[in-house]
Amino acid sequence: MLTPPAARSKHMCHNLPKEGPVAHPSRGIDLTQVSEWEAGKVRRFQDYLVAEGPLEIRVGGAPLTVTMRTPGHDLELAAGFLFTEGLIQKREQIASLSEESAAKPESRGNLVEVELAGAEFEREQVQRNFFVASSCGICGKASIDAIRVRGVQPPNPDFRFDPELLCTLPDKLRAAQTIFGRTGGLHAAGLFSAEGELLAVREDVGRHNAVDKIVGWALLSGKLPLADNALMVSGRGGFEIIQKAVVAGIPLLASVSAPSGLAVRLARELGLTLVGFLRGRRFLIYSSEQRLAPADAAARKDQQA
């Protein structure tokens, strides 16, 4: 849903042509003509839209999956997807990663080719799992069992984050959301240091894609595991977000909305600190609250040690 024009009028492009199809000023943003009705008056202007399109990921020349995403950081998205879904375990297993031009002009820029080295998986089973998970869902027990089978390790038990500092993260993330500031229509994931510094932010129509882009950035930059970082997401904390965070080694995940019941179960089992409804100076802790220690308490503990 788009932010009402009054809330973002400073970003509008009133000088653009008023007729014609949707324009494409950048990969992540579209422009279109809209009519606004307010108090009985109608006005027309050009407004920003979030761009959305399919990204096909091919491995070894064969299609693996297609995801709807906001164009941009596609290589990070592909790398993060392969890692968080367990198809690779380290950066060195990616022999090559490139954006390819598809045969059809309208599909160009929507294809990532991956060549793997030392990574094997049953392609048909993987494709079937992706289809089931994205279309009708699978039961909670099967979902958590699948994570257990992968041998995912609990995140850093010694990580600590000041609750007062945690309350500043939503504003920092929101200030860095350049596309959201224009469109009001997409999710974001922000990676923070233990000192509250925003290290990376990625935006996408899919909250899971935004997280994969962050993880892909860390993977390709040689920064995994993210054992000393917190992740802030703009949407709810769903099961797939928890899974991806834990696989990346992130010890604390916070969201501005509610987590799902299955997400809480997974966070508690794997020892992830899960925070929801982080708004203003209030939040709810659903698991592993010991990591949220005030700075002075952490200092006293270090002195005692």
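Student: Can you help me understand the sheet that holds strand β5 (residues 62-69) in this one?
Tutor: Picture the strands of a sheet paired through backbone hydrogen bonds; they go either parallel or antiparallel. If you walk across this open sheet you meet the four strands as β5-β4-β7-β6, and the pairing is mixed. This sheet does not close on itself; its edge strands, each paired only once, are β5 and β6 (94-100). Ignoring which end each strand starts from, the neighbouring axes of this sheet average 20° apart. Two elements, strand β4 (residues 53-59) and strand β7 (residues 111-116), share four bridges in a ladder whose sense is parallel. Looking at the pairing, I57 lines up with V112 of β7. Set on the sheet, helix α1 (residues 74-84) makes contact with β4, β5, β6 and β7; between it and β6 the angle comes to about 140°. Against the sheet, helix α7 (residues 207-220) engages β5 and β6, with an angle of about 120° to β5.

Student: Just to check I follow, could you spell out the side chain of Q177 for this structure?
Tutor: Within the secondary structure, Q177 is located in the loop between α5 (169-176) and α6 (178-183). Those residues in contact with Q177 that sit more than four places away from it in its chain are L186, H187, A188 and E203.

Student: Help me understand the environment of K213 in this model?
Tutor: Here K213 lies in helix α7. Judged by relative accessible area, which is 1%, K213 ranks as buried. With 24 residues separating them along the chain, K213 and A189 place their C-alpha atoms 8.6 Å apart. The residues contacting K213, other than those within four sequence positions of it, are T70, G72, H73, E76, L77, R202, E203 and D204. One polar contact links K213 to D204, side chain to side chain, over a distance of 2.7 Å.

Student: Quick question: what am I supposed to make of the pattern of salt bridges here?
Tutor: If the charged atoms of two oppositely charged side chains come close together, the side chains can form a pair. Scanning the model with the defined rule gives nine salt bridges in all. Here K213 ties to D204 by a salt bridge, and the two come within 2.7 Å at their closest N and O atoms. Relative accessible area serves as the criterion here: at 0%, D204 is assigned to the buried category. Here the salt bridges share partners, and the residues they tie into one network are E56, R58 and E113.

Student: Honestly, the nonpolar core in this entry has me stumped. Any pointers?
Tutor: As a rule of thumb, soluble globular proteins bury nonpolar side chains together. Within the largest apolar cluster, 49 residues are counted, with the highest numbers of intra-cluster contacts made by L82, L231, I242 and L253. Examining the composition of this core, we find that seven residues originate from one element, α7, more than from any other. Those residues in contact with I242 that lie beyond four places of it in its chain are L253, A263, L266, A267, L272 and L274.

The rules behind these values
Sequence positions are assigned chain by chain, starting from 1 and proceeding in written order. Local features in a predicted model are, by the rule used here, given only for residues with pLDDT of at least 70; side-chain atom pairs are given and counted only at 80 or more, and totals for whole chains, interfaces and linings are based on all residues. For the side-chain quantities, the full set of heavy atoms in the structure was used; hydrogens and water were omitted. For two strands to count as paired, DSSP must find a minimum of two bridges between them. Numbered from the N terminus, helices here are DSSP runs of H or I no shorter than four residues, and strands are runs of E no shorter than two. Only C-alpha atoms enter the line fits that serve as axes; for helices the fit covers just the stretch in contact. Angles between N-to-C directions range over 0 to 180 degrees. Whether two residues touch is decided by their heavy atoms; if any such pair falls within 4.5 Å, the residues are in contact. The classification of residues rests on relative accessible area computed with a 1.4 Å probe and restricted to protein chains. Under 20% of the type maximum is buried, over 50% is exposed, and intermediate values are partly exposed. Whenever a nitrogen or oxygen atom comes within 3.5 Å of another N or O atom, the pair is scored as a polar contact, on the condition that within protein one atom can donate a hydrogen and the other can accept it, and that pairs from neighbouring residues in sequence are kept only if both atoms are in side chains. Salt bridge, as used here, is a side-chain nitrogen of Lys or Arg placed within 4 Å of a carboxyl oxygen of Asp or Glu. Nonpolar cores are built from buried Ala, Val, Leu, Ile, Met, Phe, Trp, Tyr and Cys residues. Side-chain atoms within 4.5 Å join them into one set.

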